[in-house]
Protein chains: 2
Amino acid sequence: MQVKAPIFAGQVRYPDDLPSCDQCPIRDRAICAHCEADDLTRLEATKYYRRCEAGQVIALMGEPMDFVASVVDGVASLTQTLEDGRTQMVGLLLPSDFLGRPGRDCAGYTVTAATSMQLCCFRRKPFEVMLACNPRLTTRLLEMTLDELDAAREWMLLLGRKTAREKIASFLVILARRGAAVNFARPGQSLSLSLPLTREAMADYLGLTLETVSRQISALRRDGVIRLSGNRDVDVPDYARLLAESGGDRDSARA
Amino acid sequence: MQVKAPIFAGQVRYPDDLPSCDQCPIRDRAICAHCEADDLTRLEATKYYRRCEAGQVIALMGEPMDFVASVVDGVASLTQTLEDGRTQMVGLLLPSDFLGRPGRDCAGYTVTAATSMQLCCFRRKPFEVMLACNPRLTTRLLEMTLDELDAAREWMLLLGRKTAREKIASFLVILARRGAAVNFARPGQSLSLSLPLTREAMADYLGLTLETVSRQISALRRDGVIRLSGNRDVDVPDYARLLAESGGDRDSARA
DNA sequence: CGTCGTGTTGAACGAAATCAACCATCGTGG
DNA sequence: CCACGATGGTTGATTTCGTTCAACACGACG
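Residues numbered from 1 in each chain as written. Chains lettered and ligands numbered in written order. Predicted model: local features only at pLDDT ≥ 70, side-chain atom pairs only at ≥ 80, totals over all residues.

**Considerations on the overall build of chain A**
- Helix and strand counts for chain A come out as 8 helices and 11 strands.
- By residue count, 43% of the 255 residues in chain A fall in the buried class.
- Contacts in chain A between residues at least 24 apart in sequence constitute 70% of all its contacts with a sequence separation of at least 6. (Helix = DSSP H or I, 4+ residues; strand = E, 2+ residues; numbered from the N terminus. Buried ≥ 20, exposed ≤ 12 C-beta atoms within 10 Å, placed from the backbone. Contact = placed C-beta atoms within 7 Å.)

**Details of the protein's contact with DNA strand C**
- Not every one of the 16 residues close to DNA strand C is listed here, only the nearest: Thr198(A), Ser214(A), Ser218(A), Thr163(B) and Thr212(B).
- Listed by contribution, the elements that provide at least two residues to the surface near DNA strand C are helix H5 (199-206) and helix H6 (210-222) of chain A together with helix H6 (210-222) of chain B.
- Top element by residues in the surface near DNA strand C is H6(A). It accounts for 6 residues.
- Per-class residue counts for the surface near DNA strand C are 4 nonpolar, 7 polar and 5 charged. (Near = placed C-beta within 6 Å. Nonpolar A, V, L, I, M, F, W, Y, C, P; charged D, E, K, R; others polar.)

**A short note on the UniProt feature "domain: Cyclic nucleotide-binding" (unreviewed entry) in chain A**
- The residues that UniProt annotates with the feature "domain: Cyclic nucleotide-binding" (unreviewed entry) are residues 43-100 of chain A.
- With 7% helix and 52% strand, the stretch residues 43-100 of chain A has end C-alpha atoms that lie 16 Å from each other. (UniProt positions renumbered as here; feature names shortened; annotations may be inferred.)

**Thoughts on the relation of the copies chain A and chain B**
- Aligned on chain B, chain A shows an RMSD of 0.0 Å; the corresponding rotation is 180° and the shift along the axis is 0.0 Å. With respect to symmetry, the two chain copies, as superposed, fit the operation of a two-fold axis.
- Looking at chain A, 100% of its interface residues are interface residues in chain B too, so the copies touch through the same face. (Least-squares fit on C-alpha atoms with pLDDT ≥ 70 in both.)

**Here we look at the pairing of strand S5 (residues 87-93) of chain A**
Residue and element names in this part refer to chain A.
- Among the 7 residues that make up S5, 6 are buried, leaving the element largely enclosed by the rest of the structure.
- The sheet contact formed by strand S4 (residues 76-81) and S5 spans 6 bridges and is antiparallel. Bridging from a neighbouring strand, Ser 77 pairs with Leu 92 of S5.
- The hairpin formed by S4 and S5 contains 5 residues between the paired strands, and Gly 85 there has a positive phi angle of roughly 100°. (Pairing = 2+ DSSP bridges.)

**Structural notes on the interface of chain A and chain B**
- Taken together, the contact pairs 31 residues of chain A with 31 residues of chain B.
- Ranked by residue count, the leading element in the side of chain A that touches chain B is helix H3 (residues 135-161) of chain A, at 18 residues.
- For the side of chain A that touches chain B, the residue count by class is 12 nonpolar, 11 polar and 8 charged.

**Here we look at the protein's contact with DNA strand D**
- Neighbouring DNA strand D are 16 residues, the closest being Thr163(A), Thr212(A), Thr198(B), Ser214(B) and Ser218(B).
- Among the secondary structure elements, those contributing two or more residues to the surface near DNA strand D are H6 of chain A together with helix H5 (199-206) and H6 of chain B.
- Of the residues forming the surface near DNA strand D, the biggest block, 6 residues, is contributed by H6(B).
- In terms of residue class, the surface near DNA strand D is built from 4 nonpolar, 7 polar and 5 charged.

**Some remarks on the sheet that holds strand S2 (residues 57-59) of chain A**
- Taken in spatial order, the 4 strands of this open sheet run S2-S7-S4-S5 (chain A), and their pairing is antiparallel. Every interior strand has two partners, whereas the edge strands, S2 and S5 of chain A, have only one. When the angles between neighbouring strand axes are averaged without regard to direction, this sheet yields 35°.
- Note: S4(A) against strand S7 (residues 110-113) of chain A, 4 bridges, orientation antiparallel. Among the inter-strand pairings, Ser77(A) is bridged to a residue of S7(A), identified as Thr112(A).
- Lying on the sheet, helix H3 (residues 135-161) of chain B is in contact with S4 and S5 of chain A; it crosses S5(A) at an angle near 130°. (Axes fitted to C-alpha atoms, helices over the stretch in contact; angles between N-to-C directions.)

Structural data, given as C-alpha cells:
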C-alpha cells in the first residue's frame, strides 16, 4: 500500500521518522492491542501522529471527519449541545481510548482537546478496509465499545441520581481508576492526581454549573476529603473516604 | 450441533415447533440482520423462545447469566441502583434490541420486563463461539453497540441538561422514533402511542420523581401538546410542537 | 499597569424533591 | 355482591438543593 502524506501541514512525519508501535505507551490497551506482527506492520504503514494543543477543536459535530485515532497522550472531551447553548460532555477520552466511528463520515460529537495531546491517526477509508479484513481489529473495537457503553451507563446513573457532592467525588474516583493518578494507588497511601479539566469542563461533564463545582470542591476540601495545591492538583489522603462520598456505584460494590 | 432442552420449564419448545426466522418480525433489524442462509440455519438450531410477563425480573445485576437474547416483542428496562435505593434506568430494550454482553458471565444490569414480552434466546457459550467464527455476526453486534452508545449519549444530554418538561417531551419523541407509535407518523397527522412504562419507571428513566413526571404530563396535556386517553395512551396532535418542547437534540437538527 | 482567563464566594431565586392526601381501577375472598 | 386492599396515578403544600446573578481574587501576559 502506497503511503501518501496526509494534509495536516506541519503535523506529519513520514513513516521512517515515526516512533515504532513496539515502544508505544498504549500498545497493549488501544485498538491495536490484539494485533500481531503483520497486522501491526500494516497499521504502522498508514498511521500518522498529530499533536493538539489544549482548547483546540479536533472535530466539529456534523462536520466531515476523515480519520479515526487513538489517544496516545492527553485528554479530550466529546460534547453535545442544545440550540440554546446548554452543553453536556458525553465522553472523556483518555490515553488508549479510540476516537471516531468507523462507517460514519461525519463527527457525531464535538471533540475538544482538554489538555495538550498526541493522537495516533488513521485515515478513515483505509482503516475501514482493514477493519473489514481483520477480525482481531473488529473484536477489539467491539470490546472497547462495550466498555464505553458500560462507562456511559455508569455516567447516566451519576447524572440522573447523584448529588452535586457525590458527582464531584465520583469524578475523582473515575480519574483515579483510569490511572490518571500521579502516584498509583499504593494501598492506604495518599493518592495524588491532576485534574485534566477546567471547572467549567467539569461542570459540563457532571451536569452542574461551574459555581456548584467550585463550591463542592471547596466543601470537600473543608471536610478534609481532599487537599488542593493550586487549582488542578488534588491530594486524596483517604481513598476509602472518597469512595464513600461518591455514593457507591457498581464497582465500589465489586471491588 | 446437538440441541439440548434448556432449563426454563414450560417456556421451551423444540426447534421443530419454533417459528422460523424467515417470518420473524425483527429479522432484518436484530443481531441476525446480516446473516445469510447457512448462518441462520445454525442460529435457528440453538435458539429458543422465552415469554416474560410484565414486572418479571429477567436478570439480576451481578448474578450469573447464561444466555443472550434478542427482544422479539415487548419492552424491558436495564437499571442500576445505589445502595440507598436510588435507581436509574440506563437502557430501554425495544423489539430488535440485543440483551446481554458476550464475554461476560454475569449480568451487568438488572433487567426487568416492562410489558409482557417475547425473547429469542441463545445460550451464551455457543453464541460466543458463533460470534468468534462469524464476522457478519460480530460486525452486526458492533454496529448495534455503537448505536446504543449514541443513544446512551443522547440520554446523557437529557439527564444532565434538560428540564423536567423537556425530558418528558423527549421521551415521547424517542418512543415515536423507535416506532412504538401506534399509527406510524403520517405527516401532519395526529400520532398515537402507548406508553410502555409506569410513571415510576418513566421517572427512573428520566432522572425525576414520579410526582414530577405526573405533573409534567398533566402540564403538557393542559397546554394542548398531548392528549390522554387512560393513563397509558397518548395522542400527539402536532408532532413538530412536541419536538419543539423536547429542547431539540442532535437528531431534530438533522431531520 | 490594565486586561483576560480562571476560580471562589455570597445572596436571592426557582425547579424539582419531599411529604402527604386523595382518587380510580382491579382482583379477591368473605 | 360488595367490602377490601393493592397498585398506579394525580394534586397540593412545603422544603431543599442547585442555579443564577453578582462581586471579587489571582496569575499570566502584552
